[in-house]
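# Structural description and commentary
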Amino acid sequence: MVTQVLLTIVVILLVVLIFLVIKGRGVKPRDIEDAVSSTWAKLGLDEKIGILTTHTKDIRDSYRSLEQMLRVPKERAALGELSLETILSDQLPPDMFGIRKSILDGRIPDAHIRSTVGLICIDSKFPLDNYRKLTEVEDSREKERLKSDFRRDVQNHLSKIAQDYVCPEKGSAEFAFAYIPSEAVYYFLVNEEFEMLRDYTRRGVQVVSPLTLSHKIELIRAGVHAKKLSEEAENVRNDLNIISQRFSEIDELWRVFYNTHLRNAGERAEELDRAYKKLRDEFDRISRMSKEQ
């Protein structure tokens, strides 16, 4: 934004100068100064540049504040937990995740996700001190030493995650997430320590950044949704089986009742009706004889 405004100012000034040169050869320095001053005042460039200067200072101060926050381990950890909670709450319903809850026999990860394959634990306390120092030094030997120290820090941290949070026998998934709240650090590890990350992935620890975690969460949510649909379909199938079984029982009872009782009752009713008709014919005959006498 700052660059675009400054470029606009330069273009306007150049247009003014070109106009004056084209207008006449007898252009005096005072004429150019007056034209520029007049244009500058009409456009309110003093005020705009003042606003830009204020915004630039605010951005610089914010950057310094954020940089200072990332230097302090406790504040850096709080920032990582906050960004992690934001991602989870934006993408998952409340019943699918937890923040700093006691699970897995008392262990308390920074967050966890309830998935179809168990509880997926997430640790966001990534060691970044040596990485920060690595980006600040110029000496090549010192850089290599700090790179080695950072690699050791990462290995120790990932090993602890594997030990604490990858325990399927206690209800966890077969993997856990090591969350890095910085895309720059994540891509540094992908480019510089790819083999190490792949080795820990085999051991059940997946290193993720905000972007890659969001992608994985979508897959996890889709899996949970698919499982719910499958469970609902299974419930419907079970209900249909129960209805079918009950219908079979009723059908059998009906067959027995119809063939044994209802049909016999019908035959008995016909016999009774025939006997009644015979008896009535006799009464009618007797009645006629009585009248004749």
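Now for a look at the structure at hand. Quantities reported herein were computed from a predicted structural model and do not represent experimental measurements. (Residues numbered from 1 in each chain as written. Predicted model: local features only at pLDDT ≥ 70, side-chain atom pairs only at ≥ 80, totals over all residues. Heavy atoms only, no water.)

### Focus: the packing of aromatic side chains
- Counting across every chain of the model gives 5 aromatic pairs.
- When the centroid spacing of 5.3 Å and the interplanar angle of 65° are considered together, the rings of Tyr-131 and Phe-188 count as edge-to-face. Of this pair, Tyr-131 sits in helix H5 (residues 129–136) while Phe-188 sits in helix H7 (residues 183–192); the two residues are 57 residues apart in sequence, bridging distant segments of the chain.
- Phe-188 gets classed as buried once you look at its relative accessible area, which sits at 19%. (Phe/Tyr/Trp six-rings, centres within 6.5 Å; stacked < 30°, edge-to-face > 60°. Helix = DSSP H or I, 4+ residues; strand = E, 2+ residues; numbered from the N terminus. Buried < 20%, exposed > 50% of the residue type's maximum accessible area, 1.4 Å probe, protein only.)

### Section: the sheet that holds strand S2 (residues 111–115)
- Strand order in this open sheet of 5 strands is S1-S2-S3-S4-S5, and the pairing throughout is mixed. For this open sheet the edge positions go to strand S1 (97–99) and strand S5 (205–208), each flanked by a neighbour on one side alone. Averaged over all pairs of adjacent strands, the angle between their axes in this sheet comes to 20°, without regard to strand direction.
- Where S1 and S2 come together, 3 bridges link them in antiparallel fashion. Residue pairing for S2: Phe-97 is matched across the bridge by Ile-113. (Pairing = 2+ DSSP bridges. Axes fitted to C-alpha atoms, helices over the stretch in contact; angles between N-to-C directions.)

### Some points on the layout of surface pockets
- One number sums up the size of the second largest pocket: a volume of about 190 Å³.
- If you go around the second largest pocket, the residues you meet are Tyr-186, Val-190, Phe-194, Leu-197, Arg-198, Thr-201, Val-205, Gln-206, Val-207, Val-208, Thr-212 and Lys-216.
- Elements supplying a minimum of two residues to the lining of the second largest pocket: H7, helix H8 (194–202), S5 and helix H9 (210–292). (1 Å grid on protein atoms, 1.4 Å probe; cavity = no way out; pocket = protein on both sides within 12 Å on 5 of 7 lines; lining within 4 Å. Points joined across faces, edges and corners; volume = space filled by probe spheres on them.)

### Some remarks on the packing of helix H6 (residues 140–165) against H7
- Following both chains from N to C, one finds H6 and H7 inclined at 100°, their axes separated by 13 Å at the closest point. When the axis of H6 is compared with that of H7, the two are roughly perpendicular. Residues Lys-147, Phe-150 and Val-154 of H6 form the contact with H7, whose participating residues are Val-185, Phe-188, Leu-189 and Glu-192.
- Of the residues that constitute the contact of H6 with H7, the class distribution is 5 nonpolar, no polar and 2 charged. (Parallel < 35°, antiparallel > 145°, perpendicular 65-115°, else oblique. Contact = heavy atoms within 4.5 Å. Nonpolar A, V, L, I, M, F, W, Y, C, P; charged D, E, K, R; others polar.)

### Observations concerning the side chain of Gln-206
- Along the chain, the position of Gln-206 falls in strand S5.
- Here Gln-206 falls in the buried class, since its relative accessible area comes to 18%.
- Among the polar contacts listed, one links the side chain of Gln-206 to the side chain of Lys-216, at a separation of 2.9 Å.
- Contact partners of Gln-206, with chain neighbours within four places excluded, come to Phe-175, Ala-176, Phe-177, Ala-178, Thr-201 and Lys-216. (Polar contact = N/O pair within 3.5 Å; in protein donor to acceptor, adjacent residues only side chain to side chain.)

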